[in-house]
Amino acid sequence: MADLSAIFDKHARDAVGERKRQDFDDLQNELAGRDTGRMRRFLSADAHESREGGDKRERDAASLSRLQLMLASDPRYKALYDATFDRLRDAESQAATALALAIETQRAAQAELDDILAKAATLSDGSRVFKDKTGQVRREDGTIVDPAQAGTIAWRGNEPSYDDYRTARENLSATARTISEIERYQVDTLGSARDRLTDDDNPPDARELADIQRRIIAETPKAVRDAVAAPDATSSIVVPAGPQDLPKL
C-alpha cells in the first residue's frame, strides 16, 4: 500500500505541475495574442479587444509608407505638402491650357504662311519669289534673283511681299519655340516636381517643398503667364514654419 500511495501522490504532483505549466503557456499566448485553438481563460474580453486593436494599429502603421507616416504625424508638414501639391496641379492645368492655345496659334500661323506661299509669284522652275522694300526679287531663302531672270516673271500686282513672307515664317517659328518651351516646362519642372511629391520612400523635406514651389513659379514660361495670368516669381509661395528637417518618426 505504501508503494501505491507514493505512486498516487507522485501522479497528483505531476498533474498539478502540468496544469501550472499549461496555465502559464496559455497566459503567455493570450498576452501575445496568439491563437492556439484553446479557450481563452485569463484576459477579459475588453483586454483582448484592446490588445487586438493595438496589434491592428501596429500592423496598419507598418504598412504605411514614409510619406504617409509624415503626413499623418506632422500637421505643419502636411499643410506645406498640400499647398505645394495644389500649386503643382494648378501649374499643370495652366500649362495644358497654354499648350492648347499655342498649338492653335501654330495652326493659324501655318495656314497664313501656306496662303502667302500659294499667292507668291514663281520663276520658270517653280521657285517662289517675292519683292522686298527696294524692289529686288528674292527667293524664299533670301537670295536675290538675277535681274534678267526676274524680268521673265509675270507679276499680277497682288503678290505678298518678301516682308510678308518673312514675318509669317518667323511667326510660325516662334509658335514652335513656344510649344517647345511649354513642353519642356511640363516635363523638366512639373514632371520632376510630381516625381518628388509622389516619392513614398524618400519624400522631400520642408525646405525642398518650398523650393519646388519656387521653381514651379520662377520657371513658368511667358506663354503660360500670358495665357492664364500665372503668378510671378515672387508671389504666393507657401514657406515652411518652424524646423526645416523631416519629422522624426
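Here is what the cut-offs are and how they apply
- Residues numbered from 1 in each chain as written.
- Predicted model: local features only at pLDDT ≥ 70, side-chain atom pairs only at ≥ 80, totals over all residues.
- Heavy atoms only, no water.
- Helix = DSSP H or I, 4+ residues; strand = E, 2+ residues; numbered from the N terminus.
- Buried < 20%, exposed > 50% of the residue type's maximum accessible area, 1.4 Å probe, protein only.
- Contact = heavy atoms within 4.5 Å.
- Areas by Shrake-Rupley, 256 points an atom, 1.4 Å probe, with all protein chains shown as cover.
- Axes fitted to C-alpha atoms, helices over the stretch in contact; angles between N-to-C directions.
- Parallel < 35°, antiparallel > 145°, perpendicular 65-115°, else oblique.
- Left-handed = near helix turned anticlockwise from the far one by under 90°.
- Nonpolar A, V, L, I, M, F, W, Y, C, P; charged D, E, K, R; others polar.
- Pairing = 2+ DSSP bridges.
- Polar contact = N/O pair within 3.5 Å; in protein donor to acceptor, adjacent residues only side chain to side chain.
- Phe/Tyr/Trp six-rings, centres within 6.5 Å; stacked < 30°, edge-to-face > 60°.
- Core = buried A, V, L, I, M, F, W, Y, C linked by side-chain atoms within 4.5 Å.

Draft legend 1. Main features of the overall build of the chain. For the chain, the helix and strand inventory stands at 8 helices and 3 strands. When its helices and strands are written in sequence order, the chain yields α-α-α-α-β-β-β-α-α-α-α. Out of the 249 residues belonging to the chain, those deemed buried represent 27%. When contacts within the chain are restricted to residue pairs at least 6 apart in sequence, those whose partners lie at least 24 apart make up 61%. Looking at the chain as shown, the accessible area adds up to about 15800 Å², and 51% of this sits on carbon and sulfur atoms.

Draft legend 2. Seen up close, the packing of helix α4 (residues 75–119) against helix α6 (residues 162–197). Packing of α4 against α6 leaves a shortest axis separation of 8 Å and a crossing angle of 160°. The angle between α4 and α6 places the two elements in the roughly antiparallel class. Like other packed secondary-structure pairs, α4 and α6 cross with a definite hand, here left-handed. Split by residue class, the contact of α4 with α6 holds 24 nonpolar, 8 polar and 7 charged.

Draft legend 3. Summary view of the sheet that holds strand β1 (residues 121–122). An order of β1-β2-β3 is seen for the 3 strands of this open sheet, with the pairing classed as antiparallel. At either margin of the open sheet sits one strand with a lone partner, and together these are β1 and β3 (137–139). As defined by bridge partners, strand β2 (residues 128–131) adjoins β3 across 3 bridges and the pair is classed as antiparallel. Bridge assignment links K131 to a residue of β3, and that residue is V137.

Draft legend 4. Expanded view of the environment of Q68. Summarising the element assignment, Q68 is placed in helix α3 (residues 66–73). Judged by its relative accessible area of 40%, Q68 falls in the partly exposed class. Remark: the alpha-carbon pair of Q68 and D201, spanning 133 residues in sequence, is separated by 9.3 Å.

Draft legend 5. Structural view of the side chain of E159. Tracing the chain through its elements places E159 in the loop between α5 (147–150) and α6. Residue classification places E159 among the buried residues on the basis of a relative accessible area of 15%. Separated by 2.5 Å, the side chain of E159 and the backbone nitrogen of R156 make a polar contact. Polar contacts involving the side chain of E159 include one to the main-chain amide nitrogen of G157, which spans 2.9 Å. The residues contacting E159, other than those within four sequence positions of it, are K119, A120, A121 and A154.

Draft legend 6. Representation of the packing of aromatic side chains within the structure. The full count for this structure, using the stated rule, is 5 aromatic pairs. Consider the rings of Y81 and F85, whose centres lie 5.8 Å apart with planes at 65°: the pair is edge-to-face. Pair noted here: Y81 and F85 are both in helix α4, with a separation of 4 residues, about one helical turn. Like Y81, the residue F85 is buried in the burial classification. Judged by centre distance (4.7 Å) and plane angle (10°), the rings of F130 and Y165 are stacked.

Draft legend 7. Representation of the packing of α6 against helix α7 (residues 206–218) within the structure. Direction vectors running N to C along α6 and α7 enclose 160°, while the axes themselves pass 10 Å from each other. The pairing of α6 with α7 is recorded here as roughly antiparallel in orientation. As for the relative orientation of α6 and α7, their crossing is left-handed in sense. Contact residues: Y185, D188, T189, L190, A193, R196 and L197 in α6; E208, L209, I212, R215 and I216 in α7. The residue makeup of the contact of α6 with α7, split by class, is 7 nonpolar, 1 polar and 4 charged.

Draft legend 8. Layout of the nonpolar core. In terms of nonpolar packing, the biggest core is built from 23 residues, with Y81, L88, I182, L190, L197 and I216 touching the most fellow members. Contributions of two or more residues to this core are made by α3, α4, α6 and α7. Top element by residues in this core is α4. It accounts for 10 residues. Residues A109, A120, A168 and L172 belong to the second largest nonpolar core, which totals 10 residues.

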